[in-house]
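Architecture at a glance
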Amino acid sequence: SQQGEEDPQALSIQEGENATMNCSYKTSINNLQWYRQNSGRGLVHLILIRSNEREKHSGRLRVTLDTSKKSSSLLITASRAADTASYFCATDPGQTGANNLFFGTGTRLTVIP
Amino acid sequence: GAGVSQTPSNKVTEKGKYVELRCDPISGHTALYWYRQSLGQGPEFLIYFQGTGAADDSGLPNDRFFAVRPEGSVSTLKIQRTERGDSAVYLCASSPRGEETQYFGPGTRLLVL
């Protein structure tokens, strides 16, 4: 079964606006990662945040993590039409010797030019 | 350098047939993962290899699914007696030793008629 749930399922914004996506998960984690997927094919890693971190930035991306609430958020600032894609959070439970990822259901982001 | 490649990109087969899906990981990556993604869902973990051995095959849905990685590089996912419910995009990812980020291939879209 899927580890996480994303909210909202779909988001449509104007170019230049900020986009916020939320992720909730169920079990303890070693880290949480966000991936982007275009056209239902390969995923691209965006950012990783560890369980002992609360916030992380990478370019126009800002990720927060609240382990007490088992939730994370991804903020994309100053969105562009090229940001249109599906965004997934993925949790790594950190089992010894494995880094299997458990993905959420994804948020479909549409940025209107 | 070259990314993860998967062949074929699309595969159409008939119910009951046998299929093989191939994954070429990034050179030097010791970890290899297979995921399955159904329409509108996030990727679901199938199996993880560290080197030649399957370190975790807990995600394989049943014994019709099997995967090998005989030389610690290329991996083949094998599905016997395919069923219509096996239709999905099969994604492969690899990671270098000690790194938690996964690098995904473009996937193989399998359609079982």
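Going by the structure above, here's the rest.
The following refers to the structure shown. Every value quoted in this text rests on a predicted model; they were computed, and no experiment measured them. (Residues numbered from 1 in each chain as written. Chains lettered and ligands numbered in written order. Predicted model: local features only at pLDDT ≥ 70, side-chain atom pairs only at ≥ 80, totals over all residues. Heavy atoms only, no water.)

Now for the interface of chain A and chain B. Accessible area lost upon the coming together of the parts is a frequently used measure of interface size. Taken together, the contact pairs 26 residues of chain A with 23 residues of chain B. Surface buried jointly by chain A and chain B totals about 1,800 Å² across both partners, of which 43% is contributed by carbon and sulfur atoms. On inspection of chain A and its partner chain B, the count reaches one salt bridge. Arg50 of chain A is the partner of Glu100 of chain B in a salt bridge, and the nearest nitrogen-oxygen pair spans 2.8 Å. (Contact = heavy atoms within 4.5 Å. Buried area = accessible area lost by both parts, 1.4 Å probe. Salt bridge = Lys/Arg side-chain N within 4 Å of Asp/Glu carboxyl O.)

Checked against the element boundaries, Phe104 of chain B lands in strand β10 (residues 103-104). Overall, the relative accessible area of 10% leaves Phe104 of chain B in the buried class. Sequence separation between Phe104 of chain B and Ser94 of chain B is 10 residues; the distance between their C-alpha atoms is 6.7 Å. Those residues within four positions of Phe104 of chain B in sequence are excluded, and the remaining contacts are Tyr35, Leu43 and Phe103 of chain A together with Val4, Tyr35, Leu91, Cys92 and Ala93 of chain B. (Helix = DSSP H or I, 4+ residues; strand = E, 2+ residues; numbered from the N terminus. Buried < 20%, exposed > 50% of the residue type's maximum accessible area, 1.4 Å probe, protein only.)

In this section: the sheet that holds strand β6 (residues 55-58) of chain A. All names here are of chain A. Taking strand neighbours across the sheet as the criterion, the five strands line up as β1-β3-β8-β7-β6 in an open arrangement whose pairing is antiparallel. Edge positions in the sheet fall to β1 (5-7) and β6, since each has one partner strand and no second. Between one strand and the next, the sheet's axes are offset by a mean angle of 15°, whatever the strand orientation. Bridge analysis of β6 against strand β7 (residues 61-66) gives four bridges, and the strand direction is antiparallel. Bridging from a neighbouring strand, Ser58 pairs with Leu61 of β7. (Pairing = 2+ DSSP bridges. Axes fitted to C-alpha atoms, helices over the stretch in contact; angles between N-to-C directions.)

This part covers the side chain of Thr13 of chain B. For Thr13 of chain B, the position within the fold is in strand β2 (residues 10-13). Leave out the neighbours within four places in its chain, and Thr13 of chain B touches Val19, Thr82, Leu110, Leu111, Val112 and Leu113 of chain B.

This brings us to the sheet that holds strand β7 (residues 65-68) of chain B. All names here are of chain B. If you walk across this open sheet you meet the four strands as β1-β3-β8-β7, and the pairing is antiparallel. Taken across any chain shown, the strands that pair with only one partner, and hence form the sheet edges, are β1 (5-7) and β7. Here the average twist between neighbouring strands, direction ignored, is 15°. Strand direction decides the pairing type here: strand β3 (residues 19-24) and strand β8 (residues 75-79), joined by five bridges, are antiparallel. By the bridge assignment, Leu21 is partnered in β8 with Leu77.

Before going further, it helps to examine the state of the cysteines. In total, this model carries two disulfides over all chains according to the counting rule given. Between Cys23 of chain A and Cys89 of chain A runs a disulfide, and the two sulfur atoms are separated by 2.0 Å. The sign of the S-S torsion, about 65°, decides the handedness of the disulfide formed by Cys23 of chain A and Cys89 of chain A: right-handed. Of this pair, Cys23 of chain A sits in strand β3 (residues 19-24) while Cys89 of chain A sits in strand β9 (residues 85-92), and the two are 66 residues apart along the sequence. Given the relative accessible area of 2%, Cys23 of chain A is considered buried. For Cys89 of chain A, a relative accessible area of 1% puts it in the buried group. The disulfide partner of Cys23 of chain B is Cys92 of chain B, and the gap between their sulfur atoms is 1.9 Å. (Disulfide = S-S within 2.5 Å.)

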